[in-house]
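Below, each chain spelled out in residue letters.
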Amino acid sequence: MNLPGSPFLAVQDGRLCLDGHDLTQLAHQHATPLYVYSRQAMLSALAPYQRALVGRAHLVCYAVKANSNLAVLQTFAQAGCGFDIVSAGELARVLAAGGDAAKVVFSGVGKSRAEMAQALQAGVRCFNVESTAELEVLSDVAAGLGLRAPVSLRVNPDVDAGTHPYISTGLKGNKFGVAHEQALASYRRAASLPGIRVVGIDCHIGSQITEVAPYLDALDRVLDLVEAIEAEGITLHHMDLGGGLGITYTDETPPAADALIAALLARIDARGHGHRELLFEPGRSLVGNAGVLLTEVMYLKRGEHKNFCIVDAAMNDLMRPALYEAYMGIVNTQGTDEPTDTWDVVGPVCESGDWLGRDRSLAVKPGDVLAVLSAGAYGMTMASNYNTRGRAAEVMVDGAQVSVVRERERVEDLFKMERLMG
Ligand SMILES: *Cc1c(COP(=O)(O)O)cnc(C)c1O
């Protein structure tokens, strides 16, 4: 059985286990669809980042949107991480999980005035500002509160991250960041605004990046800017190199985080910037392979051209296949005597795009529990209630401990905010 990514996922006595916990059994105990995460797998994914940055002023800011469950945030807060947020809602989660606002960076192209005010009052570490228009509004909001907003400009280095267009963010023609050519002028403007304090520079070129080269290209472009900006007397305290490191879903071979960082540090040092504090914003690479989605096989439907394996998880539970045509590994969590066949694994939602895997070779029978692998990132956070389906429960395992970290959503919760016409 090909199990990508995590050493915490293993077959023991014919049963698929996550950190030693029998996943078939967890599915039967907690019902399906069920997300299961390993706390130790998350911490072990963080370790190479921390190891590579020992002896440097640094902050690893976990990107909350990858998986925002409070227990996940708590795990990273306790490990000393900061957080990369993209909304006031995510800020509230970080604080509720015991995170430190002083270690929070606030990214996103569309921050509202209310969100800016909340983040200023909470005392976030930095706003990663994505346009000059946002800069003006942020200055206004901060000055109105008698504060100065700490700011990095997110610069768009115009490099191709070599990833899916929907998750590539560092190219011209993309909504993110300030164009490289305009960055210097934007920094001049930032330095002149009463409600702004320039503290750093930021870039994030995309997601699921599996090579070092785009990072080095972006770094070089950022360092060129740093030098030009500081030549004008504007001091940049930190450099935020974003997130985006890919994981193995099937046969991708992304660099290890420590190898990537070593390559970046070598370039930074060679260009004489080794004194600068470094921030990183990893999301997927910290949680992606620390989680699976468990789903039960409901019906098998054989056809002339296709065989369908209908399961109880759907695109509303896990959107990546429908949204990006993403490949995610799917395996049976228990051994079976059924013959292996080729199946499209699909959910009950009324959309042809509702599939989790196509043309998968599987031995299955109704009642079996399948695990969709690498589902710890951009799984539950993208889940919806489409077709009035309650969202899945989430379980976190940690050594012998098994904790339900989110209850299954009940149908009555789904429309409790709605009203009939009077
Ligand atoms: C999504 C995002 C990240 C995290 O990206 P991953 O690919 O999950 O590592 C980091 N920074 C910003 C600004 C983001 O939007």
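Summarised in this report is the structure supplied together with it. Here the structure is a predicted model, which means the values were calculated and not measured.

**A closer look at the overall build of the chain**
Part 1: Assigned secondary structure in the chain consists of 12 helices and 21 strands.
Part 2: At 23 Å, the chain has a C-alpha radius of gyration in line with the 22 Å of a compact globule built from 422 residues.
Part 3: Along the longest, intermediate and shortest principal axes, the C-alpha atoms of the chain span 70 × 60 × 45 Å.
Part 4: Each of the 422 residues in the chain was classed as buried or not, and the buried ones make up 55%.
Part 5: Pairs at least 24 residues apart make up 70% of the contacts formed inside the chain by residues separated by at least 6 positions.
Part 6: Summed over all atoms, the accessible surface of the chain reaches about 17,200 Å², with 51% contributed by carbon and sulfur.
Part 7: The average position of the 36 basic charges and that of the 49 acidic charges among the side chains of the chain differ by 4 Å.

**Details of the packing of helix α2 (residues 39-52) against helix α3 (residues 70-78)**
Part 1: Across the interface, α2 lies against α3 with an axial gap of 11 Å and an inter-helix angle of 45°. Of the possible angle classes, the one that applies to α2 and α3 is oblique. For the pair α2 and α3, the crossing hand works out as right-handed. Where α2 abuts α3, its residues Arg39, Met42, Leu43 and Leu46 lie against Val72, Thr75, Phe76 and Gln78.
Part 2: Classifying every residue of the contact of α2 with α3 by side-chain character gives five nonpolar, two polar and one charged.

**Some thoughts on the pattern of salt bridges**
Part 1: The tally for this structure, following the rule as stated, stands at 25 salt bridges.
Part 2: The salt bridge partner of Arg15 is Asp22, with a shortest N-O separation of 2.9 Å.
Part 3: Among the residues examined, Arg15 registers a relative accessible area of 31% and is labelled partly exposed.
Part 4: Overall, the relative accessible area of 15% leaves Asp22 in the buried class.
Part 5: With its nearest N and O atoms 2.3 Å apart, the salt bridge here joins Asp220 to Arg267.

**Side note on helix α7 (residues 180-192)**
Part 1: Those residues of α7 that sit buried are His180, Ala183, Leu184, Ser186, Tyr187 and Ala190.
Part 2: If you follow the buried residues of α7, they end up packed against α6 (132-144), β9 (149-156), β10 (178-179), β11 (196-202) and α8 (213-230).

**Notes on the side chain of Asp84**
Part 1: You can see Asp84 is positioned in strand β6 (residues 82-85).
Part 2: A polar side-chain atom of Asp84 sits 2.7 Å from a polar atom in the side chain of Ser107.
Part 3: When sequence neighbours within four positions are dropped, the list of residues in contact with Asp84 reads Cys61, Tyr62, Ala63, Val64, Glu90, Val105, Ser107, Asn128 and Glu281.

**Quick look at empty space enclosed by the protein**
Part 1: Tallied over the full model, the rule gives three cavities of 30 Å³ or more.
Part 2: Space inside the largest cavity adds up to approximately 50 Å³.
Part 3: Split by residue class, the lining of the largest cavity holds seven nonpolar, two polar and no charged.
Part 4: If you add up the space inside the second largest cavity, you get close to 40 Å³.
Part 5: Every residue lining the second largest cavity is listed: Cys203, Ile205, Tyr215, Ala218, Leu219, Leu241 and Leu264.

**Description of the sheet that holds strand β1 (residues 9-12)**
Part 1: Within the open sheet, the three strands sit side by side as β1-β2-β3. Their pairing is antiparallel. On the outer flanks of this sheet lie β1 and β3 (21-22), each paired with one strand and no other.
Part 2: Relative to strand β2 (residues 15-18), β1 runs antiparallel, the two sharing four bridges. Across the sheet, residue Ala10 finds its bridge partner in β2, namely Cys17.

About the thresholds
- Residues numbered from 1 in each chain as written.
- Predicted model: local features only at pLDDT ≥ 70, side-chain atom pairs only at ≥ 80, totals over all residues.
- Heavy atoms only, no water.
- Helix = DSSP H or I, 4+ residues; strand = E, 2+ residues; numbered from the N terminus.
- Rg over C-alpha atoms; globule rule 2.2 N^0.38 Å.
- Buried < 20%, exposed > 50% of the residue type's maximum accessible area, 1.4 Å probe, protein only.
- Contact = heavy atoms within 4.5 Å.
- Areas by Shrake-Rupley, 256 points an atom, 1.4 Å probe, with all protein chains shown as cover.
- Lys, Arg positive; Asp, Glu negative; His and termini not counted.
- Charge placed at Lys NZ, Arg CZ, Asp CG, Glu CD.
- Axes fitted to C-alpha atoms, helices over the stretch in contact; angles between N-to-C directions.
- Parallel < 35°, antiparallel > 145°, perpendicular 65-115°, else oblique.
- Left-handed = near helix turned anticlockwise from the far one by under 90°.
- Nonpolar A, V, L, I, M, F, W, Y, C, P; charged D, E, K, R; others polar.
- Salt bridge = Lys/Arg side-chain N within 4 Å of Asp/Glu carboxyl O.
- Polar contact = N/O pair within 3.5 Å; in protein donor to acceptor, adjacent residues only side chain to side chain.
- 1 Å grid on protein atoms, 1.4 Å probe; cavity = no way out; pocket = protein on both sides within 12 Å on 5 of 7 lines; lining within 4 Å.
- Points joined across faces, edges and corners; volume = space filled by probe spheres on them.
- Pairing = 2+ DSSP bridges.

The values reported here are purely geometric and, on their own, carry no functional implication.
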